[in-house]
Structure formats: C-alpha cells, structure tokens
Amino acid sequence: MFNASFNCNVCDAANIFSPPGDWRESPSCTTCGSSVRTRQLVYCLTMRLFGEGRTLPTLRANEIRGIGLSDSEILASRLVESFDYINTFYHAEPKLDICNPGAAWIGKNDFLISSDVFEHVPSPVQSAFDGAFAVLSPGAIFVLTVPFDQRSATTEHFPNAKHFRLVDFDDEWLLVGKTDAGTYEVHKDLIFHGGPGTTVEMRFFSRQAVIAHLEAAGFIDVQVHDQAVPEYGIFPPHHEGLPITARKPSLNA
C-alpha cells in the first residue's frame, strides 16, 4: 500500500490514492467515488479521441456522439455533460442488445464503451463484437473491458446453452440451458457479478481471444492499456482485465 496524489479525470478533484481492498474496483476518489477501472476508461477514451488524457469536466465536445452499455452512474453522469452521450441497457430504456442492435443504432456513434459486459452475453460471443463494430461510425473508437488472463483459450462456462434461464431453487441459483439439439442442461455453482440472480458470468476470456474477436469483427489498431498514469490515479493492480481499445477503419483506410 502507498499514498500518491492525483487529479481525478472523472470529476477533476484532487485526491490521495490510498484505496483499500481491490484497487481496480474500490472507490478511490473521495469526491465522485470513481475507481481505477472508471478512470482507466476515461483515460483510454480521451487518449484515443484527442491524443492525450483529458479530465471530463474540461471537455465540452457535444459534436462527438457516444454510447455506453450499462455504464456506472458515476461515469455516465459525467460523460453526458462532456459529449452527446447515451447510456443504454439490455432490459430498460433506452434499450440496446449489442448482439443484435437495431437499425436506429447502426453506424451512428463516434465511440462505444463496454465495461465488463461481454462476459455476460449469450454464445456465440462474436456476435457482441460484431454488434459493437456495427453501431460505430467509420473511424470511431471502442473502449472495452472484460475479465481476461493469459490462458490459452476462453473458458466458456455453458458452451452448449444457446438459450437459458436462471432459476432460484431452494435458495440455490441454477442455470437451465437449452441446446441447439433441443435438450436441456442444468448448471449450478454459478458466478455472479453484482450479487446472486443479477448478472451471471458466461465466460472468462483469454487475452489473445479478445484481440482475435476484435480483429474478426473488423477492428484495427487494437491496444491493451497496461500503463500506470499516476497523475490520474491509475495504477493497474495486475495484468488481468485491462482496458482494450480498438478503432473501426475510416472510409478512406
């Protein structure tokens, strides 16, 4: 543990970095409550858009249109002040199914943020990467986080379940999946993000698989961001689940 002064790039407040517990997720800005992950997302976004890290309160770029996939309120409330930004949801308005985006979303956005979402979408996960590519305009930026490590291949927890439901049975959560063959599977010992019954983890990614999915969708300039940025309180605690950015090719590329 150490103490370091920093300026939060989410709210522009001065802080001392001394977070307890999980550095990636624990609130470490005493003003807005942003975590290292949130500040990494802002840093990666502004670096790819402007060529340098910027703090959101200093930005008024309403000509830049972006969307988020269930971004945290801490992040979304600041992005909407800096950009022409909409936070979208799978089960609530404004709705966006990134695996099957509707025509209203296609090709109209200068950036997309997806933070710890793609590990929860149904198989095949490539459809989510393809959807991300589709909603972006040429030259636009994709900022992504998912849980990954150096394993040789992505671990799919329910590889055969193409359709599924979560069932609370005698205080135990079960996933009941239907396969393409029409048979059913029952899975227990589920991993939830955000508490039981909320969002079940469908997979844990391989780092190389994430890059391959992005490239298969058509993205270029894929970058994994593992650098510390002390001035913004960004100290990556490990080399797993780091932010990844990519770009949709320009029309003249």
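Draft legend 1. Here's a closer look at a negative patch on the surface. On the surface, Asp168, Asp170, Asp171, Glu172 and Asp189 cluster together to form a negatively charged patch. Mapped onto the elements, Asp170 comes out in the loop between β9 (163-169) and β10 (172-178). A residue is classified by how much of its surface remains accessible, and Asp170, at 67% relative accessible area, is exposed.

Draft legend 2. Representation of the pattern of salt bridges within the structure. As enumerated under the stated definition, the model contains 8 salt bridges in all. A salt bridge links Arg247 to Asp221; the nearest nitrogen and oxygen atoms lie 2.7 Å apart. One end of the pair, Arg247, is in strand β16 (residues 244-247); the other, Asp221, is in strand β15 (residues 220-224), with 26 residues separating them in the sequence. Note on Asp221: relative accessible area 39%, which makes it partly exposed. Residues joined by salt bridges that share partners form a network here, namely Arg24, Glu25, Arg37 and Asp116.

Draft legend 3. Structural context of the pairing of β10. Where β9 and β10 come together, 7 bridges link them in antiparallel fashion. The residue of β10 that forms the bridge with His163 is Lys178. Between β9 and β10, which pair antiparallel one after the other, the connecting turn spans 2 residues, and Asp170 there sits at a positive phi close to 50 degrees. In terms of strand pairing, β10 meets strand β11 (residues 184-187) through 4 bridges, oriented antiparallel.

Draft legend 4. Fine view of the pairing of strand β2 (residues 14-17). Burial along β2 is one-sided: the face carrying Asn15 and Phe17 is buried and the face carrying Ala14 and Ile16 is not. Taken together, the 4 bridges between strand β1 (residues 4-7) and β2 define a ladder with antiparallel strand orientation. Bridge pairing links Ala4 to Phe17 in β2. The antiparallel hairpin formed by β1 and β2 contains 6 residues in its connecting segment, where Asp12 sits at a positive phi of about 75 degrees.

Draft legend 5. Focus on the sheet that holds strand β4 (residues 83-88). Read from one edge of the open sheet, 6 strands run β4-β3-β5-β6-β16-β15, paired in mixed fashion. Two strands in the sheet have a free side with no partner beyond their single neighbour: β4 and β15. Neighbour-to-neighbour, the strand axes of this sheet turn through a mean angle of 15 degrees, independent of strand direction. Of the pairings in the sheet, the one linking strand β3 (residues 61-69) to strand β5 (residues 109-115) comprises 3 bridges and is parallel in character. For Gly68, the partnering residue across the bridge sits in β5 and is Ile113. Along the sheet, helix α2 (residues 73-82) contacts β3, β4 and β5; its crossing angle with β4, the most-contacted strand, is approximately 150 degrees. With respect to the sheet, helix α3 (residues 126-135) is in contact with β3, β5 and β6 (136-145), its orientation differing from that of β6 by roughly 140 degrees.

Rules used in this analysis
- Residues numbered from 1 in each chain as written.
- Predicted model: local features only at pLDDT ≥ 70, side-chain atom pairs only at ≥ 80, totals over all residues.
- Heavy atoms only, no water.
- Patch = residues over 30% accessible without salt bridge, like charges linked within 9 Å, V, L, I, M, F, W, Y side chains within 5 Å.
- Areas by Shrake-Rupley, 256 points an atom, 1.4 Å probe, with all protein chains shown as cover.
- Salt bridge = Lys/Arg side-chain N within 4 Å of Asp/Glu carboxyl O.
- Lys, Arg positive; Asp, Glu negative; His and termini not counted.
- Charge placed at Lys NZ, Arg CZ, Asp CG, Glu CD.
- Helix = DSSP H or I, 4+ residues; strand = E, 2+ residues; numbered from the N terminus.
- Buried < 20%, exposed > 50% of the residue type's maximum accessible area, 1.4 Å probe, protein only.
- Pairing = 2+ DSSP bridges.
- Axes fitted to C-alpha atoms, helices over the stretch in contact; angles between N-to-C directions.
- Contact = heavy atoms within 4.5 Å.

This is a description of form; function is not addressed.
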